[in-house]
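Here is what each chain is made of, one letter per residue.
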Amino acid sequence: MAHWFHRNPLKASSPMKFDILLPLEKPSKEATELTKTLKTVRLKLLELLSKHDSHLGDVSVAFTEYLSLLKGFVEAPVDSGGESRLRTSIHFRWTNSLGTRIPSVHADAEFELFSVIMNVANWHSKHGAKLAASDEIDLETAKEVHRCLKIAAGYMFYCKEHVLPKLPPTTEKGVDYDPRIVDAYANQFQAEAQEVTLARALELKHKPSIIYSLAIETSKLFVVAGDSLSTLDEAVVGKWMAYLKLKALFYSSYAYCFYGQDLLVQEKCGESVKTLQHSSALYGEVEKLCVRYSRTKGPGTIARPERHPFFQKLGPMIKLSLDKSTRENGFMLVSIQHHFVILTSLYVQILSEGTRAGSRYSKYTSLRAGHTRRPHSTSTQSSVDRRSLHILVRQEA
């Protein structure tokens, strides 16, 4: 999926020496080894994260190893409980993913924990985007892309629920530990993981009802992600918001397209035409948003969704489905009118034939009136009219 995903820059950090942990006089061998290990493992993790093509397993091992060491700065030993006395002993410096040049500096190990987890989450999203940019994506690659995006979403939700509440509130603008930014990342990565599921469902040619259900849920996730950024400075998050709105409208158009196809299967042609017309209108708005997104200034890689085959297939698909629904709807109306005309002409013919039969019978009875003592009753005439109508209907049939 080249040109399909918007990605903000990774966070950057300067190397840490951890020398402040050593006693002033004759540090122990264990303390010296600990500081060296912390420095080495952290530097190794940062080097792996700087490359999008690093092996997923190597990143996972380095990340787990560093977290196991960092835990001593965050939590106190099991016996004492509470937070560690080393939590505020070192100043950690990290830039923010929204491109602000001034780094955030905090003497808080929870800040370091948050920054590392968030950076690993963003790396997984970038790694998945790089894999998805291949010309041909097999099933195993698609699974790895989906796995990377789900992991990224999971890390973001973990930060939101377990790490952010322990950090002090911030008044800084555009910092990554703003809950609104974390929420936007979490919902974006979850929505993009569902994009892979939707693409797989299309490849397997599932029923339209399944496709439009997945599409509308994907659209809702992008809407939630965009709403999280609505109260932030547009100069900082404007480009990111344009991408999220673009994706939300695109999958809404997809949902209406396949919902229209499902209505056509149910022979609800009129409703199908109306639904597909709305899908076409949404697609037109998405095309305008693509131009707006490409012209909006802001941090991050520029996606080109309008150039991607997945995007380019939707327009012709909507047109083809709309033409088919319109044609089927026209056939249905003509068929109804045709049957109405046939039944109306048959009814008029039956009435006229019945009237002529009745008049001939009246003339016949009037001629024989002088030879009979008692005229025929009206019931006899009615029975003859009914027999005549019955004969005419059988002849028409």
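Conventions we followed
- Residues numbered from 1 in each chain as written.
- Predicted model: local features only at pLDDT ≥ 70, side-chain atom pairs only at ≥ 80, totals over all residues.
- Heavy atoms only, no water.
- Helix = DSSP H or I, 4+ residues; strand = E, 2+ residues; numbered from the N terminus.
- Buried < 20%, exposed > 50% of the residue type's maximum accessible area, 1.4 Å probe, protein only.
- Contact = heavy atoms within 4.5 Å.
- Areas by Shrake-Rupley, 256 points an atom, 1.4 Å probe, with all protein chains shown as cover.
- Salt bridge = Lys/Arg side-chain N within 4 Å of Asp/Glu carboxyl O.
- Phe/Tyr/Trp six-rings, centres within 6.5 Å; stacked < 30°, edge-to-face > 60°.
- Lys NZ or Arg CZ within 6 Å of the ring centre and 35° of its normal.
- pLDDT = per-residue confidence, 0-100.

(A) Region of interest: the overall build of the chain. Along the chain, the regular secondary structure elements total 11 helices and two strands. Each helix (α) and strand (β) of the chain, taken in turn from the N terminus, gives the series α-α-β-β-α-α-α-α-α-α-α-α-α. Here the chain holds 397 residues, and 41% of them are scored as buried. Contacts in the chain between residues far apart in sequence, at least 24 positions, make up 73% of those at least 6 positions apart. Accessible surface, the chain as shown: approximately 22,600 Å² in total, 57% of it carbon and sulfur.

(B) Main features of the pattern of salt bridges. Under the defined criterion, the tally for this structure stands at 12 salt bridges. Of the charged contacts, one joins Arg 180 and Asp 178 as a salt bridge, the two residues approaching to 2.8 Å between their closest N and O atoms. Classification of Asp 178 as buried rests on a relative accessible area of 6%. As a salt-bridge pair, Asp 323 and Lys 319 come within 3.1 Å of each other at their nearest N and O atoms. Of this pair, Asp 323 and Lys 319 both sit in helix H10 (residues 314-367), separated by four residues, roughly a single helical turn. For Asp 323, a relative accessible area of 34% corresponds to the partly exposed category. Residue classification places Lys 319 among the exposed positions, given a relative accessible area of 53%.

(C) The arrangement of the environment of Val 286 in detail. In this fold, Val 286 is placed in helix H8 (residues 269-295). By relative accessible area, Val 286 is classed as buried at 0%. A sequence separation of 38 residues divides Val 286 from Ala 248, and the C-alpha atoms of the two residues are 9.1 Å apart.

(D) Inspection of the packing of aromatic side chains at higher detail. For the structure on display, the rule yields 13 aromatic pairs. Note on Tyr 185 and Phe 189: the rings are 5.7 Å apart at their centroids and 35° apart in plane angle, and the pair reads as tilted. Of this pair, Tyr 185 and Phe 189 both sit in helix H5 (residues 179-203), separated by four residues, roughly a single helical turn. Residue classification places Tyr 185 among the buried positions, given a relative accessible area of 2%. Pairing Phe 250 with Tyr 251 gives two aromatic rings, centres 5.0 Å apart and planes at 85°, and the pair type is edge-to-face. Comparing Phe 250 with Tyr 251 shows no difference in burial state: the two are buried. What links up through ring pairs into an aromatic cluster is the set Phe 222, Tyr 243, Phe 250, Tyr 251, Tyr 254, Phe 258 and Tyr 293. Lying across the ring of Tyr 293, Lys 239 places its NZ or CZ 4.5 Å from the centre.

(E) Summary view of the confidence of the model for the chain. When pLDDT is averaged across the chain, the result is 80; 78% of the residues are at 70 or more. Of the regions scoring below 50 in pLDDT, residues 333-343 engages in zero contacts with residues more than four places distant in sequence or in other chains. Taken together, the stretch residues 371-397 has pLDDT below 50 and engages in 17 contacts with residues farther than four places along the chain or on a different chain.

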